[in-house]
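Below are the chains, spelled out letter by letter.
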Amino acid sequence: MAHELGHFLYHSHLIGDGVDDNRAYRNTQDGQFYNPLIGRREETEANKFAASILMPSELVEEERAEGGDVAALAKKFQVSRQAMEIRLDGLNRPIPAE
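Undergrad: When you look at unusual backbone geometry in this model, what are you seeing that I'm missing?
TA: As a rule of thumb, non-glycine residues mostly have phi less than zero, and peptide bonds are mostly trans rather than cis. Phi angles above zero are rare outside glycine, and Gln78 is one such case at about 55°. Locating Gln78 in the fold gives a position in the loop between α4 (70–77) and α5 (81–90).

Undergrad: Please clarify how the side chain of Arg87 should be interpreted in this entry.
TA: Relative to the assigned elements, Arg87 resides in helix α5. For the buried Arg87, no salt bridge exists, and the shortest N-O distance to an oppositely charged side chain is 6.8 Å, to Glu58. Filtering out sequence-adjacent residues up to four positions away, Arg87 remains in contact with Ala51, Ser52, Met55, Pro56 and Ser57.

Undergrad: Please explain the confidence of the model for the protein chain as it appears in this structure.
TA: Predicted coordinates in areas of low pLDDT are best not read in detail. Here the protein chain averages 78 in pLDDT, and 71% of its residues register 70 or above. For the protein chain, per-element mean pLDDT is lowest for helix α1 (residues 2–15), which scores 78, and highest for α4, which scores 94. Within the model, pLDDT remains below 50 along residues 22–27, and this stretch shows 16 contacts once partners closer than five positions in the same chain are excluded.

Undergrad: Teacher, can you tell me more about a nonpolar patch on the surface here?
TA: A surface patch of nonpolar side chains, amounting to about 590 Å² of accessible area, comprises Leu5, Phe8, Leu9, Tyr10, Ile53 and Leu54. Secondary structure elements with two or more residues in the nonpolar patch: α1 and α2 (40–54). Top element by residues in the nonpolar patch is α1. It accounts for four residues. For Leu5, the position within the fold is in helix α1. Using a relative accessible area of 38% as the deciding quantity, one classes Leu5 as partly exposed.

Undergrad: Please explain the pattern of salt bridges as it appears in this structure.
TA: A side chain with one charge can pair with a side chain of the opposite charge if their charged atoms come near. Scanning all chains against the criterion turns up four salt bridges. Between Glu45 and Arg41 there is a salt bridge whose closest N-O contact spans 3.4 Å. On the criterion of helical spacing, the pair formed by Glu45 and Arg41 is a turn pair, its members being four residues apart in helix α2. Judged by relative accessible area, which is 25%, Glu45 ranks as partly exposed. Relative accessible area serves as the criterion here: at 56%, Arg41 is assigned to the exposed category. In this structure, Lys76 and Glu63 form a salt bridge, with 3.9 Å as the shortest nitrogen-oxygen distance. Of this pair, Lys76 sits in helix α4 while Glu63 sits in helix α3 (residues 57–65), and the two are 13 residues apart along the sequence. Residue class for Lys76 comes out exposed when judged on its relative accessible area of 52%. Counted as one network, the salt bridges with shared partners bring together Arg41, Glu42 and Glu45.

About the criteria used
- Residues numbered from 1 in each chain as written.
- Predicted model: local features only at pLDDT ≥ 70, side-chain atom pairs only at ≥ 80, totals over all residues.
- Heavy atoms only, no water.
- Helix = DSSP H or I, 4+ residues; strand = E, 2+ residues; numbered from the N terminus.
- Buried < 20%, exposed > 50% of the residue type's maximum accessible area, 1.4 Å probe, protein only.
- Lys, Arg positive; Asp, Glu negative; His and termini not counted.
- Salt bridge = Lys/Arg side-chain N within 4 Å of Asp/Glu carboxyl O.
- Contact = heavy atoms within 4.5 Å.
- pLDDT = per-residue confidence, 0-100.
- Patch = residues over 30% accessible without salt bridge, like charges linked within 9 Å, V, L, I, M, F, W, Y side chains within 5 Å.
- Areas by Shrake-Rupley, 256 points an atom, 1.4 Å probe, with all protein chains shown as cover.

Dropping the structure here:
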């Protein structure tokens with residue numbers, strides 16, 4: 001939902017009748033609301049918005065300082081391991097080894 005909220009806030013001028021996302025939250029031609037105006041850039045913006053809501057940088061930094069590995073951080077924030085790795089990379093922090 002945070003990803004879709006990002007689309008609404010950042011891309012409402014492009015949405016029109018809607019956006020169909022696949023399971024990876026990428027705009028897809030498979031649905032009723034395919035929108036060619038929503039591309040890779042817009043999907044990345046929506047993902048970054050969602051990450052900031054689900055994994056606030058201050059809280060991630062606090063937990064990271066306590067020595068949590070990726071799996072522990074992902075569990076703590078209730079996100080996938082991949083989402084946490086991307087967030088840590090986006091915060092320019094080394095991804096902790098397990």
